[in-house]
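Here is how the chains run, residue by residue.
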Amino acid sequence: QLQLVESGGGLVQPGGSLRLSCAASGLTFDGYYIGWFRQAPGKEREVVSCISRSGGSTNYAASVKGRFTISRDNAENTVYLQMNNLKPEDTAVYYCAATRSRLFRGCGGEYDYWGQGTQVTVSS
C-alpha cells in the first residue's frame, strides 16, 4: 500500500509559479503510474496530468499543457508538478493518486491510492 502526501500549494498571483510535490511511502514506488487531479469548489474533480512508471510518458489536460510539467524522481519517491503562468481558473485543491494498472486513453484508470490534497489559490 502506498501513502501519498502532497505539498507545495499556496497563494500566488496570476502569472506566478508553484511546484507541487507528491511524496510517497511504500514499496516499489516505480511500479506505480501517478496522476495529478484537481477539484475546484462546486466542480467535479478533473485530471491535470499523469506520468508513467519510469517517467517516459506524460499526459496533460489541454487547459494546462504548455504551462505545467509533471516529473518524477523514483530515487526520492516523489512526483512533481511544476505549475507556471498560473491562472485564476487553476485555483483548486490538487491531489496526486497512484495505480499499478496501466493507464488508458491518456490518464484514465482506477487510481487506488490518493493523497489528502494541497490548496492552490491563484488570485490578485
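Use the structure listed above.
Just so you know, these numbers come straight off a predicted model, no measurement behind them.

### Let's talk about the state of the cysteines
- One pass over the structure, following the stated rule, counts two disulfides.
- The disulfide partner of C22 is C96, and the S-S distance across this bridge is 2.0 Å. Between C22 and C96 the sulfur-sulfur dihedral comes to about 70°; the bridge is accordingly right-handed. In this pair, C22 is assigned in strand β3 (residues 18-25) and C96 in strand β9 (residues 92-99), connecting sequence segments 74 residues apart. C96 carries the same exposure label as C22, and that label is buried.
- The disulfide that involves C50 links it to C107, with 2.0 Å between the sulfurs. Between C50 and C107, the S-S dihedral sits near -85°, and the bridge is therefore left-handed. Taken together, the residues span a long stretch of sequence, with C50 in strand β5 (residues 46-51) and C107 in the loop between β9 and β10 (113-114) at a distance of 57 residues. This pair shows no difference in class: C50 is buried, exactly as C107 is.

### Side note on the packing of aromatic side chains
- For the coordinates displayed, the defined rule picks out four aromatic pairs.
- With a centroid separation of 4.9 Å and an interplanar angle of 80°, the aromatic rings of F37 and Y111 are classed as edge-to-face. Here F37 is found in strand β4 (residues 33-39), whereas its partner Y111 is found in the loop between β9 and β10, with 74 residues between them in sequence. As far as the burial class goes, F37 and Y111 line up, both buried.
- Geometrically, the ring pair formed by F37 and W114 is tilted, given 4.9 Å between the ring centres and 45° between the ring planes. Of this pair, F37 sits in strand β4 while W114 sits in strand β10; the two residues are 77 residues apart in sequence, bridging distant segments of the chain.
- Through a chain of ring-to-ring contacts, the aromatic side chains of F37, Y111 and W114 assemble into a single cluster.

Conventions and cut-offs
Residues numbered from 1 in each chain as written. Predicted model: local features only at pLDDT ≥ 70, side-chain atom pairs only at ≥ 80, totals over all residues. Heavy atoms only, no water. Disulfide = S-S within 2.5 Å. Helix = DSSP H or I, 4+ residues; strand = E, 2+ residues; numbered from the N terminus. Buried < 20%, exposed > 50% of the residue type's maximum accessible area, 1.4 Å probe, protein only. Phe/Tyr/Trp six-rings, centres within 6.5 Å; stacked < 30°, edge-to-face > 60°.

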